[in-house]
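Each chain is listed here by its residues.
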Amino acid sequence: MKLAPSIYTADFARLGEQVKAAEQAGVDWFHLDVMDGAFVPNITFGPMVCEAVRRSTALPCEAHLMVREPERFLEDYRRAGMDRVIVHVEACLHLYSTLQAIRRLGMQAGISLNPLTPLGAIEEALPFVDLVLVMSVEPGFGGQTYIPTATERIRRVRAMLDRIGSKAELEVDGGINPSTIRQVRDAGATVAVVGAAVYSPNHTPAEGIRALRLALATTGESLRPDGFPVCE
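Each value, and the rule that gives it
- Residues numbered from 1 in each chain as written.
- Predicted model: local features only at pLDDT ≥ 70, side-chain atom pairs only at ≥ 80, totals over all residues.
- Heavy atoms only, no water.
- Helix = DSSP H or I, 4+ residues; strand = E, 2+ residues; numbered from the N terminus.
- Rg over C-alpha atoms; globule rule 2.2 N^0.38 Å.
- Buried < 20%, exposed > 50% of the residue type's maximum accessible area, 1.4 Å probe, protein only.
- Contact = heavy atoms within 4.5 Å.
- Lys, Arg positive; Asp, Glu negative; His and termini not counted.
- Charge placed at Lys NZ, Arg CZ, Asp CG, Glu CD.
- Expected span 1.5 Å × (residues − 1).
- Polar contact = N/O pair within 3.5 Å; in protein donor to acceptor, adjacent residues only side chain to side chain.
- Pairing = 2+ DSSP bridges.
- Axes fitted to C-alpha atoms, helices over the stretch in contact; angles between N-to-C directions.
- Salt bridge = Lys/Arg side-chain N within 4 Å of Asp/Glu carboxyl O.
- Phe/Tyr/Trp six-rings, centres within 6.5 Å; stacked < 30°, edge-to-face > 60°.
- Lys NZ or Arg CZ within 6 Å of the ring centre and 35° of its normal.

**Quick notes on the overall build of the protein chain**
Piece 1. Broken down by element type, the protein chain carries eight helices and eight strands.
Piece 2. What you see for the protein chain is a C-alpha radius of gyration of 17 Å, in line with the 17 Å of a compact globule of 232 residues.
Piece 3. Seen through its C-alpha atoms, the protein chain measures out along the principal axes to roughly 50 × 40 × 30 Å.
Piece 4. Here the protein chain holds 232 residues, and 53% of them are scored as buried.
Piece 5. Here the analysis covers contacts within the protein chain between residues at least 6 apart in sequence; of these, 64% occur between residues at least 24 apart.
Piece 6. Here the protein chain carries 23 positive and 28 negative side-chain charges, and the mean point of each set is 3 Å from the other.

Here's what the structure looks like:
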């Protein structure tokens, strides 16, 4: 399973160092949570931080735009060097046009939806995307607990993609840690966005990545109550 660390919980005073540490630990790409304080009740960062991350790594970078009217900012994230832009179905009045605009700018197009948004809201868009992001928490804040009903939603999206023969990645974001990552993978997700499980004062990024990889390879009975493998 691919791992995409979210820099949201990283130490921004050492951002380049934190990005390098995760890259050296073997992650697959970086996930950048852009929040505007309007679409979600929080403000994070914009293109300048995304560009700084881009300069710090050779790995792909994706911008998850949790913002109103994301089509206004697509060119900014192209200039920031993003390989993929993910927009929310709830934020796009003209979704087809937005997805096409992302691709015309030379980036991959991703689509996301909130935990209680009906899956039918994205069904018609699936042929036009390179990635689907299922939110397993309400967007806006890190460190939230995984919503259990997200597992069945992942299964249903997996079936929707398989039905049309789509090769799009199925990504999940929210509450992913060593105790939840196996059920996400087993439900059909191909990518896990991981925040506090990687960037935390309690362990290094390498230790966090190692715990996630071990959890994916370990039976549930071999995990401690906090989700970390007993063999750690």
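Next comes the rest of the description.
**As for helix α6 (residues 150-163)**
Piece 1. Between the first and last C-alpha of α6 there are 20 Å, a value that for 14 residues agrees with the 20 Å anticipated at 1.5 Å per step.
Piece 2. Along α6, the positions that sit buried rather than exposed are A150, T151, R153, I154, V157, R158, M160 and L161.
Piece 3. Phi turns positive one or two residues past the end of α6, at G165, with a value near 70 degrees.

**Some words on the environment of D173**
Piece 1. Residue position: D173 is located in strand β7 (residues 169-173).
Piece 2. Taking the C-alpha atoms as reference, D173 lies 19 Å from G26; in sequence the two are 147 residues apart.
Piece 3. Apart from the residues within four sequence positions on either side, D173 is in contact with H31, D33, H64, L133, V134, M135, S136, V137 and V193.
Piece 4. A polar atom in the side chain of D173 sits 3.5 Å from the side chain of H31.

**Points about the sheet that holds strand β5 (residues 108-113)**
Piece 1. One open sheet holds the eight strands; their spatial order is β1-β8-β7-β6-β5-β4-β3-β2, and the pairing between them is parallel. Either end of the sheet is taken by a strand with one partner, and the two such strands are β1 (2-5) and β2 (30-35). Each neighbouring strand pair of the sheet contributes to a mean axis angle of 25 degrees, computed without reference to strand direction.
Piece 2. Inspection of the sheet shows β5 paired to strand β6 (residues 131-135) by four bridges, in the parallel sense. In the sheet register, S112 faces β6, and the bridge partner there is L133.

**Description of the pattern of salt bridges**
Piece 1. Within the structure shown, the criterion is met by 15 salt bridges.
Piece 2. A salt bridge links R54 to D83; the nearest nitrogen and oxygen atoms lie 2.8 Å apart. Within this pair, whereas R54 is found in helix α2 (residues 47-56), its partner D83 is found in the loop between α3 (74-79) and β4 (84-88), the two being separated by 29 residues in sequence.
Piece 3. By relative accessible area, R54 is classed as buried at 19%.
Piece 4. Connected via shared salt-bridge partners are E75, D76, R78 and R79.

**Observations regarding the packing of aromatic side chains**
Piece 1. Across all of its chains, the model carries two aromatic pairs by this definition.
Piece 2. Aromatic side chains Y96 and F128 sit 5.1 Å apart centroid to centroid with 85 degrees between the ring planes, which places their arrangement in the edge-to-face category. A residue pair is termed long-range when its members are at least 10 positions apart, and Y96 in helix α4 (residues 95-104) and F128 in the loop between α5 (120-123) and β6 qualify at 32 residues.
Piece 3. Overall, Y96 belongs to the partly exposed group, its relative accessible area being 49%.
Piece 4. Residue classification places F128 among the partly exposed residues on the basis of a relative accessible area of 29%.
Piece 5. The ring of W29 has R84 lying over it, and the distance from NZ or CZ to the ring centre is 4.7 Å.

What is shown is where atoms sit, not what they do.
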